[in-house]
Amino acid sequence: MPVPPSVHRLSPAEGSLSGRSHRYEKRLSELAGLYADADAFDAALAAGDRLVYAVEDFRPSAAPGDLCFGVTHMQPGRIGAEFFMTRGHIHAIANRPETYRGEAGQGVMLMESPDGQVVTLEVNPGATIYVPPYWIHRSVNTGTEPLVMSFVYPADSGQDYGIIARSNGMKMRIVADGAGWAAVPNPDWRARTAEEI
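The rules we used
- Residues numbered from 1 in each chain as written.
- Predicted model: local features only at pLDDT ≥ 70, side-chain atom pairs only at ≥ 80, totals over all residues.
- Heavy atoms only, no water.
- Pairing = 2+ DSSP bridges.
- Helix = DSSP H or I, 4+ residues; strand = E, 2+ residues; numbered from the N terminus.
- Axes fitted to C-alpha atoms, helices over the stretch in contact; angles between N-to-C directions.
- Salt bridge = Lys/Arg side-chain N within 4 Å of Asp/Glu carboxyl O.
- Buried < 20%, exposed > 50% of the residue type's maximum accessible area, 1.4 Å probe, protein only.
- Contact = heavy atoms within 4.5 Å.
- Polar contact = N/O pair within 3.5 Å; in protein donor to acceptor, adjacent residues only side chain to side chain.
- Core = buried A, V, L, I, M, F, W, Y, C linked by side-chain atoms within 4.5 Å.

What exactly am I supposed to notice about the sheet that holds strand β10 (residues 118-123) here?
Pairing within the open sheet is antiparallel, and its three strands lie in the order β10-β9-β12. Single-partner strands in this sheet number two, and they are β10 and β12 (136-141). Ignoring which end each strand starts from, the neighbouring axes of this sheet average 20 degrees apart. Across six bridges, strand β9 (residues 107-112) lies against β12 in antiparallel orientation. The residue of β12 that forms the bridge with methionine 109 is serine 139.

The following block contains the structure:
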C-alpha cells in the first residue's frame, strides 16, 4: 500500500515538526567521551543532566527510494573550550547523501571523509549544506541561541556512530577562540586503515 501524501510544518522557534513519526533526545550524560576536557564534562554533568539536542523526523517508510526529513534543535553551551555538538555519524549505507538547512541560530557542520579530509561549513538561517556520500558529519552550535536545522536524507540510510569512536573522535575539534570558533586538531585521532576505508 503506497504511503499517502502529507503536509508538515517546521517551527524554527520551537525546533519542532508537525506530524512527526519519531523524536529522540540526547542529554549530556549520553555524550560522555565526546569532549576533550573530561574534568569540565564531569563538572557540567554534576550541575545537571542538560538536554543538548533533540531530533524530530517524519519517516514514512525505510524503503529504498523514500525520504526521511526532520529538524534538529540544539542548545547553546560549551564543555571547556568545545561547543555543544551532536554525536556525529556516517550513514550505515555510506553512499547516501544528506542536506541540512539552517533555520535559526549559528553553527558549523564538521565533515570528514573516511581517509581524513576535513571540511567545515558555517550553518546560519537560509544556508543549505550538502553532505556528500561517504562523509562523516557532526553539527556544532557555535552561537548563543539554539541552532535549528532541517534535514533530508534517503530513508534507508541508517546511521553508523562507531566510525567516529573507533578513530578516537573526529580529526578536528570545534572550539571557542575568543573571536568566534576555530577548528583545532584532535591529538587522539587515529587514521583509518585502508581496510577500514
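So what exactly am I meant to see when it comes to the pattern of salt bridges here?
Applying the stated criterion across every chain yields a total of 12 salt bridges. Here glutamate 56 and arginine 23 are joined by a salt bridge, their closest N and O atoms 2.7 Å apart. Of this pair, glutamate 56 sits in strand β4 (residues 51-58) while arginine 23 sits in strand β3 (residues 22-27); the two residues are 33 residues apart in sequence, bridging distant segments of the chain. Ionic pairing is found between arginine 190 and glutamate 196, a salt bridge with its closest N-O pair at 3.0 Å. For arginine 190, a relative accessible area of 30% gives the class partly exposed. Given the relative accessible area of 39%, glutamate 196 is considered partly exposed. What you see here is one network of salt bridges that share partners, running through Arg20, Arg23, Glu25, Arg27 and Glu56.

Looking at this model, I keep getting lost on the sheet that holds strand β5 (residues 67-74). Mind explaining?
Hydrogen bonding along the main chain pairs the strands of a sheet, whether they run parallel or antiparallel. Sheet architecture is open: six strands sit in the order β3-β4-β5-β13-β8-β11, paired in antiparallel fashion. The sheet is open, and its two edges are formed by β3 and β11 (128-131), each paired on a single side. Between one strand and the next, the sheet's axes are offset by a mean angle of 20 degrees, whatever the strand orientation. Relative to strand β13 (residues 147-154), β5 is paired through eight bridges, and the arrangement is antiparallel. Looking at the pairing, phenylalanine 69 lines up with valine 152 of β13.

For this particular structure, what's the right way to read the pairing of β9?
Note on strand geometry: in a regular strand, side chains alternate between the two faces of the sheet. Taking burial as the measure, the six residues of β9 include six buried ones, the bulk of the element. The two faces of β9 match: Gly107, Met109 and Met111 on one face and Val108, Leu110 and Glu112 on the other face are all buried. Strand direction decides the pairing type here: β9 and β10, joined by six bridges, are antiparallel. Looking at β10, one finds that glutamate 112 is bridged to valine 118.

How do you make sense of the environment of histidine 91 when you look at a structure like this?
Structurally, the position occupied by histidine 91 is in the loop between β7 (82-83) and β8 (98-104). When the C-alpha atoms of histidine 91 and serine 139 are compared, they prove to be 15 Å apart, with 48 residues separating the residues in sequence. Not counting residues within four places of it along the chain, the set of residues in contact with histidine 91 comprises Arg96, Pro97, Glu98, His137, Tyr153, Ser157, Gly158, Gln159 and Asp160. Within polar-contact distance, the side chain of histidine 91 engages the backbone oxygen of arginine 96 at 2.8 Å.

So what exactly am I meant to see when it comes to the nonpolar core here?
In a soluble, globular protein the nonpolar side chains are often hidden away together inside. If you look at the biggest cluster of nonpolar residues, it comprises 35 residues, and the most contacted ones within it are Tyr35, Tyr100, Met109 and Ile129. Once you skip the residues sitting within four places of it in the chain, isoleucine 129 turns out to touch Glu98, Thr99, Tyr100, Met109, Met111, Leu121, Glu122 and Val123.

Teacher, can you tell me more about unusual backbone geometry here?
With the exception of glycine, the majority of residues adopt a negative phi angle, and the majority of peptide bonds are in the trans configuration. Its identity as a non-glycine residue notwithstanding, tyrosine 134 has a phi of 75 degrees, on the positive side. By the secondary structure assignment, tyrosine 134 is in the loop between β11 and β12. One non-glycine residue, asparagine 168, lies in the positive phi region at around 60 degrees. As for its placement among the helices and strands, asparagine 168 is situated in the loop between α2 (162-166) and β14 (172-176). Since its relative accessible area comes to 42%, asparagine 168 is described here as partly exposed.

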